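These are the residues of each chain, in order.
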Amino acid sequence: MDFALSEEQRLLVATVRQFIGRELAPLEETVERDGRLAPDTAAAIHVKSKALGLYAMNIPEEFGGGGLSALDTMLVEEQFGRTTDILVRRAFGNVYEVLLACEGDQIDRWLTPCVRGERTCSIAITEPGAGSDASSIRTRAVRDGDAWVLNGAKHFISDGLYSDFFMVSAVTDPDKGVRGISLFLVDKGLEGFTIGRDQPMMGLHGTSHVELAFDDVRLESAALLGVEGEGFRMALGVLGRVRLAQVAARAIGKATKLLELATAYANERRQFGRPIGDFQMVQQMLADSAIEINAARLVTLNAAWHIDQGHDPRTQISMAKVQASETLGRVADRAVQVFGGMGFCKDLPIERYYRDARIYRIFDGTSEIHRMVTARALLKGDTTIYDWTNA
């Protein structure tokens with residue numbers, strides 16, 4: 001069991017971190033102030049990232065991606081957590097592994113353009129009545145000859161204003177339960193497909209979260225992704241990778257950055273003639289944060305290792321999602337406390353990080369849902385999720 005990073009991994013992490021510090025960090029305040037990323041700026045950072053081979057690193061090389069393993073992807077995603085969501089999307093891409101299910105003409109139409117950054121995809125699964133419970137969707141797709149007719153609505157669709165196609169979950173056979181759910185690739189601009197309002201959020205400024213409406217949208221047969229009725233299984237797979245990468249790993253990166261800032265401030269800020277880092281209560285907040293970040297990182301990398309080994313890591317991902325997102329919440333709260341009044345002030349980024357951190361315990365399955373997943377595995381007798389020596 002070797003916990004050391006290879007030279008290649010160290011170089012990869014250093015390259016991504018330097019790119020974020022040099023190209024993305026200076027843009028964060030502008031995005032926060034304007035609530036958007038200017039198109040010319042988005043294009044510029046995309047070109048620079050792609051020139052370094054940093055775009056779509058999670059996709060196999062045969063499709064033009066970086067070909068990273070799941071574990072290496074998590075190391076990179078942790079670095080992504082150190083900056084703003086919309087900057088990550090434009091610089092490094094948001095190419096979902098489920099698109100690898102594309103076949104034939106679908107590859108040239110949806111997959112490879114997405115890997116090249118010529119097209120952008122958003123996942124459209126969440127509905128007003130189907131959040132953490134993805135099996136409760138009501139959007140419906142009905143066969144009409146060789147085509148499909150799509151009706152329904154989605155909401156909280158991240159990056160929906162920018163994306164030009166969507167991976168949409170819909171019920172194709174209501175009598176089969178979750179085995180009657182399928183996935184479709186739906187292009188923006190189709191008749192009957194409406195992009196609704198950008199739902200205002202407490203954090204994640206710059207990233208749109210829109211409502212979608214489908215009113216008798218006709219889809220050609222090629223729009224079906226994978227096999228009919230396999231959509232729920234495929235959705236669980238893609239959401240699992242999203243939870244591990246875009247939630248757990250990025251939460252660790254964001255918590256790490258917050259701890260760095262809080263530690264530096266504790267050394268600089270003086271009260272009663274001493275740095276506040278000399279006071280034991282401040283030391284405890286810093287120490288607890290370091291301990292919890294380290295634990296969250298280990299459980300996240302372990303889940304990624306299970307993916308690379310071909311195992312079913314569903315429970316490990318749930319544990320990582322809870323551990324990392326709740327660690328971020330505690331670290332962000334402590335950072336505000338260490339900074340005091342300045343941590344609550346918009347003059348410093350701590351206040352923004354605190355707001356952004358709150359959603360990590362909610363999206364892609366709430367902490368409560370993932371605790372249920374973990375408990376069910378335990379009650380079925382799976383002791384390996386906490387006792388590796390019994391694997």
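Look up a bit, the structure's there.
All values derive from a computational prediction rather than experimental measurement. (Residues numbered from 1 in each chain as written. Predicted model: local features only at pLDDT ≥ 70, side-chain atom pairs only at ≥ 80, totals over all residues. Heavy atoms only, no water.)

Among the 8 residues that make up helix α5 (residues 85-92), 8 are buried, leaving the element largely enclosed by the rest of the structure. Buried residues belonging to α5 abut α1 (7-24), α2 (28-34), α3 (39-51), α4 (70-80), β3 (147-158) and α7 (231-268). (Buried < 20%, exposed > 50% of the residue type's maximum accessible area, 1.4 Å probe, protein only. Helix = DSSP H or I, 4+ residues; strand = E, 2+ residues; numbered from the N terminus. Contact = heavy atoms within 4.5 Å.)

Among the 7 residues of strand β5 (residues 181-187), 7 are classified as buried, and the element is accordingly described as predominantly covered. The side-chain alternation of β5 yields two buried faces, one formed by Ile181, Leu183, Leu185 and Asp187 and the other by Ser182, Phe184 and Val186. Sheet analysis places β5 next to strand β8 (residues 224-225), joined by 2 bridges and oriented antiparallel. Bridge pairing links Phe184 to Leu224 in β8. (Pairing = 2+ DSSP bridges.)

For the structure shown, the criterion picks out 32 salt bridges. Note that Arg22 and Glu23 form a salt bridge whose closest N and O atoms lie 3.2 Å from each other. Residue classification places Arg22 among the partly exposed positions, given a relative accessible area of 47%. Here Asp164 and Arg119 are joined by a salt bridge, their closest N and O atoms 2.6 Å apart. Residue Asp164 is located in the loop between β3 and β4 (165-171), and its partner Arg119 is located in the loop between α6 (105-116) and β1 (121-124); the two are separated by 45 residues in the primary sequence. Note on Arg119: relative accessible area 16%, which makes it buried. Residues joined in a network through salt bridges with shared partners are Glu28, Glu32, Lys257, Lys346, Glu351, Arg352 and Arg355. (Salt bridge = Lys/Arg side-chain N within 4 Å of Asp/Glu carboxyl O.)

Scanning the entire structure with this criterion turns up 3 cavities of 30 Å³ or more. Lining the largest cavity are 20 residues; nearest its centre among them are Asn58, Glu77, Gly93, Val95 and Gln246. Those elements giving two or more residues to the lining of the largest cavity turn out to be α4 and α7. When residues in the lining of the largest cavity are grouped by element, the largest group, 5 residues, is from α7. In terms of residue class, the lining of the largest cavity is made up of 11 nonpolar, 5 polar and 4 charged. Taken as a whole, the second largest cavity spans an internal volume of roughly 40 Å³. (1 Å grid on protein atoms, 1.4 Å probe; cavity = no way out; pocket = protein on both sides within 12 Å on 5 of 7 lines; lining within 4 Å. Points joined across faces, edges and corners; volume = space filled by probe spheres on them. Nonpolar A, V, L, I, M, F, W, Y, C, P; charged D, E, K, R; others polar.)

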